[in-house]
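Each chain is listed here by its residues.
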Amino acid sequence: MPTLRIDGKEVTVENGTTILKAAESIGIIIPHFCYHPELSIAGNCRMCVVEVERMPKLQTACSTEVSDGMVVHTTTDRVVNARRAIMEFLLINHPLDCPICDQAGECRLQDYSVRYGMASSRFAEEKVKSVKREIFGPHVIYDGERCIKCTRCIRFCYEITKTGELDMFFRGDHSTVGIFPERDLKNDYSGNVVDLCPVGALTLREFRFKSRVWDLKKVNTICPACGRGCNIIAWVKDNRIFRLTPRFNPHVNRSWMCDHGRLSHEFLYRSERLVSPEIMNAERRRLNWKEAFDCVTDALKSILQNHGSGSIHLVVFPFITNEDAFLILKVLKDVFPKSTVSIPIIEIGEDDSLLIRKDRTPNRRGVEEIFREVSSRIISVDDAAKRVKEGMIKSLVVLGEGLTGANDCNILADTPISPLEFSLFIGSFKPWNANDFSAMLPASTWAELDGTFTNFEGFVQRIFPSVLSSCESRPLWKIVQELGSRIGTRCAFRSASSVFEKLAEEHQSYRELRYFSLTDESRIKK
């Protein structure tokens with residue numbers, strides 16, 4: 001392995017490592033625009049030039065591999081003057097519109113101008129005008145005047161999505177990024193070009209002019225839109241999520257996320273949010289939690305006394321967390337020993353070769369793993385519907401539907417709710433047949449929860465509360481725990497972490513995992 005010196009620091013790295021990566025490994029960050037670790041090396045911005053002893057010209061750090069005995073300087077006058085010249089060149093035709101640019105606050109051109117920019121421009125000629133506000137696709141807008149032609153967006157479309165909608169057109173100072181005729185940038189991952197753009201040339205239409213980034217709080221969490229469980233950042237202001245962006249995890253999603261997941265936060269603000277407990281007697285009434293628990297408990301006890309636990313069926317949607325699933329299982333074993341369970345399958349489209357899973361639930365693997373010990377009692381939704389029609393099921397308890405706001409599947413469309421003696425819905429958004437349910441209890445959404453999801457590959461990942469609930473909702477596991485305690489089970493967990501620790505203690509697959517020590521590599525046992 002070659003050993004070299006960078007700015008006086010000695011470092012030994014693997015063969016084939018570039019100067020830029022070797023410098024990063026010892027904490028020296030070399031400025032760059034076009035380089036991205038997930039894309040091929042273009043070396044066209046020249047911002048990463050460094051001085052290498054015994055080489056007559058400056059070298060690009062992103063494309064030059066290290067060699068044994070190499071001596072590199074990244075901050076000499078020669079290097080700094082070269083970067084200043086590059087910045088002056090890049091800003092010749094730039095509109096310098098930072099006060100109205102969406103990228104302000106997270107713009108590399110802005111950051112590097114502070115370090116390498118000039119106080120005034122020597123360019124007295126008229127600037128070359130380029131396209132403004134060109135719509136590339138349903139989610140992306142292009143401002144050509146801000147573009148520095150780094151080609152990150154073009155390489156992404158050719159190398160990652162392999163859709164090739166973008167390319168460079170024209171020559172010299174008239175060159176511009178563009179889309180081919182009659183083609184839009186509308187692949188399933190188009191929003192990633194906005195994340196890749198180091199300046200304000202590409203912006204997301206849904207976030208454009210909504211907020212300054214320095215006003216937003218960042219919360220690391222997990223995307224709930226499919227079984228992949230992409231690591232994401234929720235950007236929050238005034239208790240509202242303004243955008244979601246991908247967070248690097250080499251084992252799950254690398255640097256990307258799909259557009260469906262990127263916009264999944266918009267579902268949280270639908271008008272169908274269940275805001276308080278509701279009971280249907282002669283008319284639908286809103287109750288406080290104590291009254292609601294009393295009504296639901298009396299109804300379930302009556303069903304148990306008159307028909308036994310075999311007459312109660314649970315529908316558990318895999319939108320719930322592992323902690324929710326564990327408490328449901330505990331109540332199922334202690335209070336409803338003969339009840340049956342359905343875990344609906346919610347699939348849309350097909351799996352693709354990058355990230356998207358046709359299973360649109362974030363925690364199917366976790367729920368199925370936890371319910372494995374009662375697998376003999378799991379039946380399909382269709383079988384449950386038949387039993388309802390035959391009168392074998394007297395009461396239905398639906399848990400978790402709509403917890404991600406993706407309640408558009410109508411899984412229970414063929415299940416007659418009205419003939420049941422009692423039907424209970426616990427979720428975040430009112431189901432399409434809300435008026436048929438005897439009672440509805442509001443549960444927190446994924447954005448309001450502390451807990452864990454297990455993705456389809458078995459990675460156990462924490463979700464964090466991004467916002468506070470604006471209604472009377474509670475975490476689903478707390479609702480289940482309260483109902484279970486009133487009917488006959490014993491459990492008194494005070495936090496999601498304590499539930500998880502109990503899950504790890506009792507469940508073989510989770511045995512070696514600890515809630516506060518989960519990492520990118522934490523997985524359940526196969």
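Above this note sits the structure.
The model shown is predicted, which means the values in this text are computed figures rather than measured ones. (Residues numbered from 1 in each chain as written. Predicted model: local features only at pLDDT ≥ 70, side-chain atom pairs only at ≥ 80, totals over all residues. Heavy atoms only, no water.)

Visitor: Help me out: how do you make sense of the sheet that holds strand 2 (residues 9–12) in this one?
Guide: Pairing between the strands of a sheet is mediated by backbone hydrogen bonds and can be parallel or antiparallel. Spatially, the five strands line up as an open sheet ordered 2-1-5-3-4, and their pairing is mixed. Strands with a single pairing partner mark the edges of an open sheet, and in this sheet they are strand 2 and strand 4 (59–60). Of the strand pairs in this sheet, strand 3 (residues 49–52) and strand 5 (residues 71–73) are connected by two bridges, and their pairing is antiparallel. Looking at the pairing, Glu51 lines up with His73 of strand 5. On top of the sheet, helix 2 (residues 77–90) reaches strand 3 and strand 5; it is set at about 160° to strand 3, its chief contact. (Pairing = 2+ DSSP bridges. Helix = DSSP H or I, 4+ residues; strand = E, 2+ residues; numbered from the N terminus. Contact = heavy atoms within 4.5 Å. Axes fitted to C-alpha atoms, helices over the stretch in contact; angles between N-to-C directions.)

Visitor: Quick question: what am I supposed to make of the pattern of salt bridges here?
Guide: One pass over the structure, following the stated rule, counts 30 salt bridges. Close ionic contact of Asp294 with Arg486 constitutes a salt bridge, the shortest N to O distance being 2.6 Å. Of the two residues, Asp294 sits in helix 7 (residues 289–307) while Arg486 sits in helix 11 (residues 476–487), which places them 192 residues apart along the sequence. When its relative accessible area of 27% is taken as the criterion, Arg486 is described as partly exposed. By sharing partners, the salt bridges in this structure join Asp97, Lys132, Asp143, Glu145, Arg146 and Arg208 into a single network. (Salt bridge = Lys/Arg side-chain N within 4 Å of Asp/Glu carboxyl O. Buried < 20%, exposed > 50% of the residue type's maximum accessible area, 1.4 Å probe, protein only.)

Visitor: What exactly am I supposed to notice about the environment of Ile320 here?
Guide: With respect to the element layout, Ile320 can be found in the loop between strand 16 (312–316) and helix 8 (322–334). Looking at Ile320, the relative accessible area reads 0%, which means it is buried. A sequence separation of 42 residues divides Ile320 from Pro362, and the C-alpha atoms of the two residues are 8.1 Å apart.

Visitor: Explanation requested: the sheet that holds strand 19 (residues 422–427) in the structure shown.
Guide: An order of 15-14-20-19-18-16-17 is seen for the seven strands of this open sheet, with the pairing classed as mixed. Looking along the sheet, the strands with just one partner apiece sit at the ends: strand 15 (284–286) and strand 17 (340–342). Adjacent strand axes in the sheet meet at a mean angle of 15° when their direction is disregarded.

Visitor: I would appreciate a short explanation of unusual backbone geometry in the present structure.
Guide: Apart from glycine, the bulk of residues carry a negative phi angle, and the bulk of peptide bonds sit in the trans form. Of note in this structure, Lys162 is not a glycine but carries a positive phi near 55°. Residue position: Lys162 is located in the loop between helix 4 (152–159) and strand 8 (166–169). Of note in the backbone geometry, Asn239 takes a positive phi value of approximately 60° without being a glycine. Assessed through its relative accessible area of 35%, Asn239 is described here as partly exposed.

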